[in-house]
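Letter by letter, the chains look like this.
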Amino acid sequence: MAGNVVTGEMVEELILSGADIVKVGIGPGSVCTTRIKTGVGYPQLSAVMECADSAHGLKGHIISDGGCSCPGDVAKAFGAGADFVMLGGMLAGHDQCAGDIIEKNGAKVKLFYGMSSDTAMKKYVGRVAEYRASEGRTVEVPYKGDVEDTILDILGGLRSTCTYVGATELKELSRRTTFIRVTQQFSNMFT
């Protein structure tokens, strides 16, 4: 596995160099600050669509890394051609995540941090090199208990997506999906 990249050309380079799976995504993660710190990034759906075509043409696979905040986003990643989807922010705060439960102002929280954050670099490398900048935040997320309900919600959304578009299995989803640009994804009348 290699990455992260956002163009078909880089996916091809990595697969031709021996990678079986390429991670796709620069900047869309929930705790990622790469776009702010570096000005570098690419819209995630466009990156997945372009990179999936390149990977599949060479019998490789891609992981969509970042940008999912609800089950519908997971379905869109698979619909765009992703073979796997990373869900850091969606899975943060559960029992199965590393870290202690912290009591803060009567609420339970867990820490969640990006792998390019100060927290991660100090934990895994010992320091942030002076020639680098942190490209991730450390945040407190509400404690969510066991991950099972979240996983069931995601799986239920994916099953419904397949039903709506006529896909009998997940890997068929990208052949049944058409994307249309919209300005409002859902009604927020009662939110």
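Look up a bit, the structure's there.
Predicted model, so just to flag it, every value in this text is computed and none were measured.

Calculation notes
- Residues numbered from 1 in each chain as written.
- Predicted model: local features only at pLDDT ≥ 70, side-chain atom pairs only at ≥ 80, totals over all residues.
- Heavy atoms only, no water.
- Helix = DSSP H or I, 4+ residues; strand = E, 2+ residues; numbered from the N terminus.
- Contact = heavy atoms within 4.5 Å.
- Axes fitted to C-alpha atoms, helices over the stretch in contact; angles between N-to-C directions.
- Left-handed = near helix turned anticlockwise from the far one by under 90°.
- Pairing = 2+ DSSP bridges.
- Salt bridge = Lys/Arg side-chain N within 4 Å of Asp/Glu carboxyl O.
- Buried < 20%, exposed > 50% of the residue type's maximum accessible area, 1.4 Å probe, protein only.
- Core = buried A, V, L, I, M, F, W, Y, C linked by side-chain atoms within 4.5 Å.
- Right-handed = clockwise from strand over helix to strand, strands pointing away.

A.B. asks: Tell me about the side chain of Thr34, and please be specific about residues and values.
C.D. replies: Position of Thr34 among the secondary structure elements: in helix H2 (residues 34–38). Discounting residues that sit within four places of it in the chain, Thr34 has contacts with Ile26, Gly27, Gly39, Val40 and Glu135.

A.B. asks: Which residues make up the packing of helix H1 (residues 8–16) against helix H3 (residues 44–57), and what are the values?
C.D. replies: Interhelical geometry of H1 versus H3 gives an angle of 35° and a closest axis separation of 8 Å. The handedness of the crossing between H1 and H3 comes out as right-handed. Counting all contacts with H1, which are made through Gly8, Glu9, Val11, Glu12 and Ile15, the residues of H3 involved are Glu50, Cys51, Ser54 and Ala55.

A.B. asks: Can you explain the sheet that holds strand E4 (residues 84–86)? Please cite residues and give values.
C.D. replies: Strand order in the open sheet made by the 4 strands is E1-E2-E3-E4, with parallel pairing throughout. With one partner strand each, in any of the chains shown, strand E1 (2–5) and E4 form the two edges of the open sheet. Each strand axis lies, on average, 25° off the axis of its neighbour in the sheet, ignoring direction. With 3 bridges joining them, E1 and strand E2 (residues 21–24) adopt parallel strand pairing.

A.B. asks: I'd love a proper account of the pattern of salt bridges, names of residues and values included.
C.D. replies: Per the stated rule, a full pass over the model turns up 3 salt bridges. Residues Glu172 and Arg176 are paired through a salt bridge, measuring 2.8 Å at the closest nitrogen-oxygen approach. Owing to a relative accessible area of 9%, Glu172 belongs among the buried residues under this scheme.

A.B. asks: Describe the nonpolar core, listing the residues and the values that go with them.
C.D. replies: Counting residues in hydrophobic clusters, the biggest one holds 30 residues, and the most contacted among them are Val11, Ile62, Val74, Val85 and Leu87. Not counting the four nearest positions on each side in its chain, Val85 is found in contact with Ile63, Ser64, Cys68, Val74, Ala77 and Phe78.

A.B. asks: Describe the pairing of E2, naming the residues involved and giving the relevant values.
C.D. replies: Residues Val22 and Val24 of E2 are buried on one face, while the alternating residues Ile21 and Lys23, pointing to the opposite face, are not. Regarding topology, H1 serves as the crossover connection from E1 to the parallel E2, and that connection is right-handed.

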